Amino acid sequence: MFILRRTKGDTDGECWPISAASLFIGRSAQCDVTVGDPTVSRRHCEVYAQNGGIFLRDLGSSNLTLVDGQPVKTAELHPGNHIIVGTAHFVVEESNEEAPAVTAPVPESARRSLAVDRNIFVDESRLPEVIALGPRGVEGLSRLFRLARLLSETQTIQELAMILHETLTETYKPEICWIARYIEERSTLTFFNAQGEIVDAPEDAPRKIVEAAFFRRSGLLWPREKDGVVQAQAAAPLVTPEKRVGIIVLQSMPGVLYDAMDLELLSAIAHTAAPFVKSMEQAEQTQISLTKLRKQWGL
């Protein structure tokens, strides 16, 4: 098997097996190989095995990806080739041993808890900070404005659930997305699938983070490791000043970690959706009351 070993950078000597699954290198904590260098793109390049060969592809990075000192867009790699991404240096090596995947340490930013009164993504005082994030911050704001517009046009809770699922899938590309509405009268959560249909409570729903986020009224981000693979679970309650109305929970794809900014945006999405969920709940109650009155008066 072949491995990619870091020879210079944050953690010299760290290595990763090269397989058919792309090994993403970049500045983002969601990449398999994180390079803490501002000159490196969030997703800078990828290394993967295919048909017995090893290949590198630059992912449209702002700066160059070098192989043996030469800038490349795509390249076939061989043992001994040196790759430079920003200040990080790597070498391709052949290993006779079946080396287990080395999981990078979980960064502190992958663990977060946001109080419900401090997780509003578009707080006016934080706009300069958000805008300073560049494309990521502007994209986040754009998604929120688009979401608010779409939700304002919905007529039913089912339509709302579909729009939320679509927005979350586009934004986070999660392995699993759970959206639930809280029925206060029954003290239960009603789950919706991507088609807006009510479904039974999923057996694989992460109960701990659901309960912690929902009853503490806070956004939570927890990494977890299973069989040597790291994933992130993020939750944000749908909360209005008066009551809890639901919750959103995401589980990342294997090997992907969300960061604090991802949690803030998720919490902002929840804040944006919560008033619409509440208004639809009130509309449903009004309709029920009208139906009862019609029956009572024989209308």
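Going by the structure above, here's the rest.
Residues numbered from 1 in each chain as written. Predicted model: local features only at pLDDT ≥ 70, side-chain atom pairs only at ≥ 80, totals over all residues. Heavy atoms only, no water.

Focus: the overall build of the protein chain
- When helices and strands are tallied, the protein chain shows five helices and 18 strands.
- The buried share of the protein chain, taken over its 299 residues, is 44%. (Helix = DSSP H or I, 4+ residues; strand = E, 2+ residues; numbered from the N terminus. Buried < 20%, exposed > 50% of the residue type's maximum accessible area, 1.4 Å probe, protein only.)

As for the sheet that holds strand S9 (residues 74-77)
- Strand order in the open sheet made by the five strands is S4-S3-S5-S6-S9, with mixed pairing throughout. Both outer strands of the open sheet, strand S4 (33-34) and S9, are each paired with one neighbouring strand and no more.
- With six bridges connecting them, strand S5 (residues 45-50) and strand S6 (residues 53-58) associate as antiparallel partners. Counterpart to Glu-46 in the pairing with S6 is Arg-57. (Pairing = 2+ DSSP bridges.)

Looking at the layout of surface pockets
- Volume-wise, the second largest pocket comes out at about 170 Å³.
- Forming the boundary of the second largest pocket are Tyr-182, Ser-187, Thr-188, Leu-189, Phe-191, Ala-201, Ala-205, Arg-207, Val-210, Glu-211, Phe-214 and Phe-215.
- Sorting elements by how many residues they give to the lining of the second largest pocket places helix H4 (residues 207-216) first, with five residues.
- Considering only residue class, the lining of the second largest pocket consists of eight nonpolar, two polar and two charged. (1 Å grid on protein atoms, 1.4 Å probe; cavity = no way out; pocket = protein on both sides within 12 Å on 5 of 7 lines; lining within 4 Å. Points joined across faces, edges and corners; volume = space filled by probe spheres on them. Nonpolar A, V, L, I, M, F, W, Y, C, P; charged D, E, K, R; others polar.)

Considerations on helix H3 (residues 157-172)
- In a regular helix each residue adds 1.5 Å, so 16 residues correspond to 22 Å; H3 covers 22 Å between its end C-alpha atoms and thus fits that length.
- At the C-terminal side of H3, Lys-173 shows a positive phi close to 45°. (Expected span 1.5 Å × (residues − 1).)

Remarks on the pattern of salt bridges
- Counted under the stated rule, the structure contains six salt bridges.
- Here Glu-170 ties to Arg-143 by a salt bridge, and the two come within 3.6 Å at their closest N and O atoms. One end of the pair, Glu-170, is in helix H3; the other, Arg-143, is in helix H2 (residues 135-152), with 27 residues separating them in the sequence.
- For Glu-170, a relative accessible area of 33% translates into the label partly exposed. (Salt bridge = Lys/Arg side-chain N within 4 Å of Asp/Glu carboxyl O.)

Section: the environment of Ala-213
- By the secondary structure assignment, Ala-213 is in helix H4.
- Here Ala-213 falls in the buried class, since its relative accessible area comes to 0%.
- As a C-alpha pair, Ala-213 and Ile-247 span 34 residues in sequence and 8.2 Å in three-dimensional space.
- Not counting chain neighbours up to four residues away, the residues in contact with Ala-213 comprise Ser-218, Leu-220, Ala-235, Pro-237 and Ile-247. (Contact = heavy atoms within 4.5 Å.)

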